[in-house]
Each structure stands twice: as structure tokens, then as C-alpha cells.
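One letter stands for each residue in the lines below.
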Amino acid sequence: MTWDEASVAERAAAFLAAHDPVAMDRLEFLRARFDAGLAWVHFPEGLGGLGAPRELQAVADRELRGTPDNQPGRIGIGLGMAAPTILAFGTDEQKRRFLRPLWTGEEVWCQLFSEPGAGSDLATLATRAVREGDEWVLDGQKVWTSSAHTARWGLLLARTDPGVPKHRGLTYFVCDMRAPGVEVRPLRQITGEAEFNEVFLTGVRLPGALRLGETGDGWRVAQATLMNERVAIGGMPVRRTMMEVVADTWRSRPELRTHDLHQRLLRLWVESEVMRLTAARLREQLAAGHPGPEGSGMKLAFARLHQELSGLEVELLREDGLGYDDWTFRRPETVDFLGREAGYRYLRAKGNSIEGGTSEILRNIIAERVLGLPAEPRADKDVAWKDLPR
Ligand SMILES: Cc1cc2nc3c(=O)[nH]c(=O)nc-3n(C[C@H](O)[C@H](O)[C@H](O)COP(=O)(O)OP(=O)(O)OC[C@H]3O[C@@H](n4cnc5c(N)ncnc54)[C@H](O)[C@@H]3O)c2cc1C
């Protein structure tokens, strides 16, 4: 069937007529919405979608506005990164097992990529996965793992062949966060809270059915995750709202207004609008399903804008903006960026230029893949990982 705006709206209306969100249990409602293909309309039928163009998601969301949602802030890694990776590389069985509880929020996902010795140069990672019969045995350490403390599953990249160059000996797994040998410890951030963790893996046994993609093809699978991560972070429709927060602060403090601050505010307003429109265009381009390097540009611009706006907000608030003194140790389930105070926003925004790839690395990607500039020298490209200096 070919879907258009009218038919998706009709489908949503029929669904609502048959499922009263007030009378139904919240989770049952979400499961039924998934089964009706109204979770992510561009996914295939039977997997939460209708096989419709991606831009028609807005129609489904509009028709179902006000009904229980899946708390996207709590399951951002699942929605933005795990789902597209599983869809592109998972077996039919994996898609059926994972996508529904992922979308309904019953199962939280985390991303076990970074390690103490491998961040920007992720391909140097050292966590080992060794095959033993039908199982894989994992040993190593991951770090900066957001949501590991709430996650049921983790997207994990491990080294399965140390004898080949670093990008080639990697395999991608779904890590069972409840498996014996998985230990999650909180890491405290500049805000005083611990959104992320270090994760120790000691003799963790994963069944072969939890391998995602082919053995040795982990780098390609990870690229899909990373590209989607940048789009998820950079393409979120939040900049305008952050701009509105700062504009409200400006309006509420007429005594602080100066020509210079006004100029800065207006410049950031223009940039926010450019970002908002570019993000909307990027989301439409994603209809094809495969984000390219454009996501890196969005994420780069998002980090800079968020940091500038949160800095301006603190300046506008003067001493009130510096009043952040909430050092309660929390392990939040979600980042409530706009719901918190200016001081929190200022501190939390610092991480925006690190998480999901640092701004320096994103500039390298744009230079090479968008502008066609010469690549950085890569002396270790043809050296077996085990022979690299570490
Ligand atoms: C809030 C937050 C949440 C995170 N959540 C997760 C998560 O859930 N899962 C996960 O796996 N990781 C997560 N990370 C980790 C993040 O992906 C890494 O911190 C990031 O990739 C950088 O790696 P690194 O910290 O090892 O820094 P390094 O790679 O050691 O970089 C240090 C500095 O050197 C610069 N640099 C490095 N190489 C180059 C180069 N070739 N050219 C120019 N400059 C260079 C970097 O830009 C940076 O400024 C999170 C980080 C933050 C801040």
C-alpha cells in the first residue's frame, strides 16, 4: 500500500477509536500502537511501522498527540541508535525480539563503545570477545556509558581478531546487562550527577544469537550507530526551545540590557533558526534511512550553539546564574536539560562537544567527507592491532 497524509491520519483515527488511552493501561496502549504500525511509520510492517515515508511520522504523532508517550528522553539511545542499527543489521529474530520493548520503553538501551584507551580513535578498543562453542566470552572495560545503570541491553563493540588492522578485527554484540560478570559503577560529572558509568566486563558469556552483523564486520555496524547518534543529538528539535528560554530571560531582565548583549541574542536567534530548518531538512533526507556525514555538521553546530546560549543565559542572570549549588549525588534516568536551572544547563552543555564524537573529530569528518580535503595521515592503517603501541 502507498501511504499518504490522509491514509496515515485515517489509520491513527481508527486506532484511537479502538483503543481508548484513558481506559487502557499505558503500556498496553503503547504496545497496541506499535502493533498498529504507528510507532515509527517508516519501519516495516510487523516491526512498529507501515513501510511509509518517514516524514509521515509527523502525521501519526499529530493525530495521537495527548496520548501516553514512550518517554523518549529516557530511551534516547534505544530510539536514536539501537533501533536503526538493529533494523539495518539484525536478523529477523533480533528485530522481532528487541524492537517492540525498545520502543515502548520497557527495555532501556546503552552504548558500550568508549574505553579508557579508545574514545576518538574508537577502533583501537581492547575489550576482547573470544568464541567458545556457541558462546562469546567478553573481558574488558567500557567507560562514559550513559544509562548503563538503567539499561537492559547494551550496544557493544569488541575485538575478535587482534591479528588484523584495528578496524577489521571488530565484532558488534548486544550485551545482556544482567549477565554475570557485568559490573556498572557510577562516574560523577561536572554537574555533580552520574548520568554515565564505567562498565567492567569479566568473563561475560553471550550467546551467539546476540552477535549483531557478521564476525569481523563490527566497524561497519558501528558506523551506522555513530551516524545515527549524531543525527539524534544534532537533529533533535530542541535548539529553538533553548533559544526561547534565553529570550524569556532577556525579556524578564530589562535592567540588564545592553547593545552588545542584544546583538549577541539576535545573532544566536538567527543561528537557532538556521539550525532548526536545517535539522528539519536533514530529518526529511533521512527518509532514505542512511544518514551521511551531514549529521556530523548538525551535531557540531548543535554543541556550539547550546554552549553559547547557556553561556549567554548565565551572563544575563548575573549572580543568579552562578547560583548552582546542587551537588546532590543523583543517578538520573534522563537529562532534563530545559527543566533545570541555568547553572546546571551551563555545566551540562560542556559535554555536548564531547559526547557522540568531539567537535574536533566532527570537523575532521566534515573536512574529509564533505569538503574533500586531504585525510589525516593514518600510519596504523595496515598494522595488526596487536602490534600497535598502546
Ligand atoms: C556526557 C557524555 C556522555 C557520553 N556517553 C557515552 C556513551 O553512552 N557511550 C560511549 O561509548 N561513550 C560515551 N561518551 C564518550 C564519548 O564518546 C567520548 O568521550 C568521546 O568520543 C571522546 O573520547 P575521549 O573522551 O577518549 O577523548 P580523546 O579521544 O582522548 O580526545 C581528547 C581530546 O583530543 C582531541 N582529539 C583526539 N583525536 C583527535 C584528532 N585526530 N584530531 C583532532 N583532535 C583530536 C579530542 O577532540 C579531545 O579534545 C560520553 C561522553 C560524554 C561527555
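Residues numbered from 1 in each chain as written. Predicted model: local features only at pLDDT ≥ 70, side-chain atom pairs only at ≥ 80, totals over all residues. Heavy atoms only, no water.

Colleague: Residue-level account of the UniProt feature "domain: Acyl-CoA oxidase/dehydrogenase middle" (unreviewed entry) in the protein chain, with values.
Modeller: Taking the UniProt record as the reference, the feature "domain: Acyl-CoA oxidase/dehydrogenase middle" (unreviewed entry) is found at residues 110-194. Helix makes up 0% of residues 110-194 and strand 42%, whereas the separation of the span's terminal C-alpha atoms amounts to 14 Å. (UniProt positions renumbered as here; feature names shortened; annotations may be inferred. Helix = DSSP H or I, 4+ residues; strand = E, 2+ residues; numbered from the N terminus.)

Colleague: Mind laying out the domain arrangement of the protein chain, listing which residues take part and the relevant values?
Modeller: By domain assignment, the protein chain separates into domain 1 (8-69) and domain 2 (222-370). The C-alpha-based centres of domain 1 and domain 2 are spaced at 30 Å. (Domains from an automatic or database assignment.)

Colleague: An account of the side chain of serine 359 is requested, with residue identities and associated values reported.
Modeller: Considering the arrangement of structural elements, one finds serine 359 in helix H11 (residues 359-370). Serine 359 gets classed as buried once you look at its relative accessible area, which sits at 9%. For serine 359, the contacting residues outside a window of four places in its chain are Leu300, Ala303 and Ser353. (Buried < 20%, exposed > 50% of the residue type's maximum accessible area, 1.4 Å probe, protein only. Contact = heavy atoms within 4.5 Å.)

Colleague: How would you sum up the pattern of salt bridges? Please name residues and give values.
Modeller: Per the counting criterion, the structure on display carries 32 salt bridges. A salt bridge links glutamate 63 to arginine 62, with the shortest nitrogen-to-oxygen separation between them at 3.3 Å. The partly exposed category is assigned to arginine 62, whose relative accessible area is 38%. As a salt-bridge pair, glutamate 107 and arginine 97 come within 2.9 Å of each other at their nearest N and O atoms. Pair noted here: glutamate 107 is in the loop between helix H5 (92-104) and strand E1 (109-112) and arginine 97 is in helix H5, with a separation of 10 residues, a long-range link. (Salt bridge = Lys/Arg side-chain N within 4 Å of Asp/Glu carboxyl O.)

Colleague: Break down the state of the cysteines for me, citing the residues and quoting the values.
Modeller: The tally for this structure, following the rule as stated, stands at zero disulfides. Of all cysteine sulfurs in the structure, the one in cysteine 175 sits closest to cysteine 110, which takes part in no disulfide; the separation is 7.4 Å. (Disulfide = S-S within 2.5 Å.)

Colleague: Could you give an account of the packing of aromatic side chains, naming the residues involved and the relevant values?
Modeller: Across all of its chains, the model carries 10 aromatic pairs by this definition. Plain terms: the ring middles of tryptophan 40 and phenylalanine 43 are 4.1 Å apart, the flat faces sit at 20° to each other, and that makes the pair stacked. Look at tryptophan 40 and you get buried, because its relative accessible area is 6%. Note on phenylalanine 43: relative accessible area 5%, which makes it buried. Ring centres of phenylalanine 113 and tyrosine 172 lie 5.8 Å apart, and the angle between their planes is 85°; on these two criteria the pair is classed as edge-to-face. Taken together, the positions of phenylalanine 113 in the loop between E1 and strand E2 (128-132) and tyrosine 172 in strand E5 (residues 170-176) put the pair 59 residues apart, joining distant regions of the chain. Accessibility assignment for this pair places phenylalanine 113 and tyrosine 172 in one class, buried. Among the aromatic side chains, those forming a connected cluster through ring pairs are Phe34, Trp40, Phe43 and Trp103. Lying over the aromatic face of tryptophan 153, arginine 152 brings its terminal NZ or CZ to 4.1 Å of the ring centre. Stacked on the ring of tyrosine 344, the Lys or Arg arginine 340 has its end atom at 3.9 Å from the ring centre. (Phe/Tyr/Trp six-rings, centres within 6.5 Å; stacked < 30°, edge-to-face > 60°. Lys NZ or Arg CZ within 6 Å of the ring centre and 35° of its normal.)

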